[in-house]
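Each chain, letter by letter, is given below.
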Amino acid sequence: MMIKTYRLDLTVLTPVFIGGGSEAKLNRSQYIFDPEKKLVYLLNEAEFIKFLKVKNLWSDYIGYVKRAGEETERSGNPNANNLHLSRWLQGKKISNFALLAREAVKLESPERNITDLNDISCFVRSGLKEPYIPGSSLKGALRNLIISYTASKNPVSPEWRELEAAILENNGKNAGQVLKDRNNRKRMDRIVQNYTPQVDIDVQNASLRDGFRFFSISDTLPLKGEDLFITRSLRLSTYKGKNSRYLKKLPLYIEFLKPGTKTSFYLTLDTDRLKGTPLGKKEKLEEILAWQEERIPDLLGREVFDQVAGKEDIDYYFSCNNQVRPNFILGGHAGFNTKTLIPVLARDKNRTVSSILDTQFKGHRHRLLDKDISPRTLKIAYYAGKYYATGLCRIDIAEEVKL
């Protein structure tokens, strides 16, 4: 058995989000927003409860939360949340919010006078409350990239052509029925398996020949709280919609990694088992990353969304450093096409994607409205005076290390 381990350096070039699950979503009772400083204080809940009891404010606080909920319910607007911890605390002559918080995170926004936020989706943290990028997220993104590369270099599976034709039949109107069919889901699994690197092991079970069993990724080194910021979720859309704008502002707030953040992780290969696969050599992985670097603009629809951004009179960027190009896409809020084989398999990518999305999101009318590109939106985020497409990074294979 020949084991090789490499250090990989990762540079975050645009805002990156990796969620910590449902428990990592904070409502207004779990943070304090200071609109003057544009800081979001994430509550240390144990300290906050202790503070309320010491100050004899527990009953007052419970009454305030109850009244705020009743006011919201009467308004008939679930987004009209009337809970504002900063105002309530200031009314009690308490302004040093840092004493009640485990962390303060900067809010970035092009809007000057923000007084309210909604729920906040937080970046994943360790048990020590340190942000980090899990190895599972890195391996999942690398797995999708390597399988996509393999599919692009091989003949398209006849099974996929049959499935695509069924999805597009009657202009995609029967796509929902096709995709719900259990046999078709198994067929898609086989299609993905066909492009998954296989090791040479004499076993019948295909999953045991999956090359990614011998391809291990560590978590990154811990990051710092100051590597994070919070901003509103934004979309550039080819369709104006109700607000007559191409720039959509969603009532969602997300904690992202800052562009420019740098970290490292480790890749361990069983090179004996992986011999002859795209996973076995450092040079092959570098070739795959270079392939991804060239295709990212087309994958994210840059030509289309540049025109949309021009209509809104804004610029957006694929990197915080114009000397460094992304070659890796990571995390949530990166877009449907970055997480599927369809861009390299489909004869008619837009029709196929819009038919699938029309099935998953019935009210969004994807088949009707996704005329130039599907999905018709690009997820972006605002940071330090600029708009960025989200999820773009660069990986460099630094060196082999001896463990």
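Everything that follows concerns the structure shown earlier in this document.
Now for a description of the structure that goes with this document. (Residues numbered from 1 in each chain as written. Predicted model: local features only at pLDDT ≥ 70, side-chain atom pairs only at ≥ 80, totals over all residues. Heavy atoms only, no water.)

## Description of helix α2 (residues 58-75)
Each α-helix turn comprises 3.6 residues. Residues three or four places apart therefore point the same way. The condition is simple: The numbering of helices and of strands both runs from the N terminus, where a helix is a DSSP run of H or I of at least 4 residues and a strand a run of E of at least 2. Given the number of residues in a helix, its expected span is that number minus one, multiplied by 1.5 Å. Partly exposed residues are those whose accessible area sits between 20% and 50% of the maximum for their type, while under 20% is buried and over 50% is exposed, using a 1.4 Å probe and protein chains only. This arc corresponds to the set of directions leading from the helix axis out to the C-beta atoms. Any pair of residues with heavy atoms lying within 4.5 Å of one another is described as a contacting pair.
End to end, α2 covers 26 Å across 18 residues, agreeing with the expected 26 Å (1.5 Å per residue, within 8%). Here α2 has its buried residues at Tyr-61, Tyr-64, Ala-68 and Thr-72. The arc enclosing the buried residues of α2, seen along the axis, measures out at 70 degrees, which places them on a common side. Residues of α2 that are exposed and point more than 90 degrees away from the buried face comprise Ser-59, Lys-66, Glu-73 and Arg-74. Buried residues belonging to α2 abut α1 (45-54) and α3 (85-91).

## Quick notes on the sheet that holds strand β15 (residues 392-401)
Working definition: the strands of a sheet are paired by backbone hydrogen bonds and lie parallel or antiparallel to each other. To keep things clear, this is the line we draw: We treat two strands as partners when DSSP finds at least two bridges between them. Between N-to-C directions, angles cover 0 to 180 degrees, with each direction set by a line fitted to C-alpha atoms, over the stretch in contact for helices.
The strand order β7-β10-β1-β15-β12 describes an open sheet built from 5 strands, whose pairing is antiparallel. Every interior strand has two partners, whereas the edge strands, β7 (215-217) and β12 (328-329), have only one. Here β12 runs beside β15; their pairing, made up of 2 bridges, is antiparallel. Counterpart to Ile-329 in the pairing with β15 is Leu-392. Packed onto the sheet, helix α4 (residues 135-152) meets β1 (3-12), β7, β10 (262-270) and β12 and runs at close to 140 degrees relative to β7. Across the face of the sheet, helix α8 (residues 282-299) comes into contact with β1, β7, β10, β12 and β15 while running at roughly 170 degrees to β15.

## Digging into the packing of aromatic side chains
To keep things clear, this is the line we draw: A pair of aromatic rings is counted whenever rings of Phe, Tyr or Trp (Trp by its six-membered ring) have centres within 6.5 Å, and the orientation is called stacked for planes under 30 degrees apart, edge-to-face for over 60 and tilted otherwise. Only Lys NZ and Arg CZ are tested; either one counts as a charge over a ring when it is within 6 Å of the ring centre and within 35 degrees of the ring normal.
Applying the stated criterion across every chain yields a total of 14 aromatic pairs. Aromatic side chains Tyr-64 and Trp-88 sit 6.0 Å apart centroid to centroid with 20 degrees between the ring planes, which places their arrangement in the stacked category. Residue Tyr-64 is located in helix α2, and its partner Trp-88 is located in helix α3; the two are separated by 24 residues in the primary sequence. Aromatic pair Phe-229 and Tyr-383: ring centres 4.7 Å apart, planes at 45 degrees, arrangement tilted. Of this pair, Phe-229 sits in strand β8 (residues 228-237) while Tyr-383 sits in strand β13 (residues 377-383); the two residues are 154 residues apart in sequence, bridging distant segments of the chain. Per residue, the accessibility class of Phe-229 equals that of Tyr-383, and both read buried. Aromatic rings pair up to connect Phe-48, Phe-51, Trp-58, Tyr-61, Tyr-64 and Trp-88 into one cluster. Above the plane of the ring of Tyr-316 lies Arg-302, whose end atom (NZ or CZ) is 5.2 Å from the centre.

## Points about the layout of surface pockets
The following threshold applies: Only protein atoms enter the 1 Å grid used here, on which a cavity is any set of points holding a 1.4 Å probe that cannot leave and a pocket is any open set flanked by protein within 12 Å on both sides along at least five of seven lines; residues with an atom within 4 Å of a point are listed as lining. Grid points are joined across faces, edges and corners, and a volume is the space filled by probe spheres set on the points. Three categories are distinguished: nonpolar for Ala, Val, Leu, Ile, Met, Phe, Trp, Tyr, Cys and Pro, charged for Asp, Glu, Lys and Arg, and polar for the others, with Gly belonging to the last.
Quantified by volume, the largest pocket comes out at close to 980 Å³. If you trace the largest pocket, you find 32 residues lining it, with Arg-235, Ser-237, His-364, Arg-376 and Thr-377 closest to the centre. Mapped by element, the contributors of at least two residues to the lining of the largest pocket are β8, β9 (247-257), α12 (366-369) and β13. Its residues placed into classes, the lining of the largest pocket shows 13 nonpolar, 11 polar and 8 charged.

## As for the side chain of Thr-338
Tracing the sequence through the fold places Thr-338 in the loop between β12 and α10 (342-345). Leave out the neighbours within four places in its chain, and Thr-338 touches Asn-144, Leu-299, Leu-300 and Ile-329.

## Description of the nonpolar core
Looking at soluble globular proteins, one finds that nonpolar side chains tend to be buried together. This is how the line gets drawn: We call a set of buried residues a nonpolar core when its members are Ala, Val, Leu, Ile, Met, Phe, Trp, Tyr or Cys and they connect through side-chain atoms within 4.5 Å of each other.
By size, the foremost hydrophobic cluster in this structure holds 55 residues, and its most contacted members are Leu-10, Ile-133, Phe-215, Phe-328 and Leu-330. Ignoring anything within four residues of it in the chain, the contact list for Phe-328 reads Leu-10, Leu-138, Ala-141, Leu-142, Leu-145, Gln-292, Ile-296, Gly-391, Leu-392, Cys-393 and Ile-395. Within the second largest apolar cluster, 22 residues are counted, among which are Leu-236, Leu-247, Ala-389 and Leu-392.

## A word on the packing of α4 against α8
Test applied: Each angle is binned into one of four classes, with values under 35 degrees roughly parallel, values over 145 roughly antiparallel, values of 65 to 115 roughly perpendicular, and all other values oblique.
Between α4 and α8, the least distance of the axes is 10 Å, while the angle of their chain directions is 85 degrees. Looking at the two axes, α4 sits roughly perpendicular to α8. Along the contact surface, α4 presents Leu-145, Ile-146, Ser-148, Tyr-149 and Ser-152, while α8 presents Lys-284, Leu-285, Glu-287, Ile-288, Leu-289, Trp-291 and Gln-292. Residue classes in the contact of α4 with α8 are distributed as 7 nonpolar, 3 polar and 2 charged.

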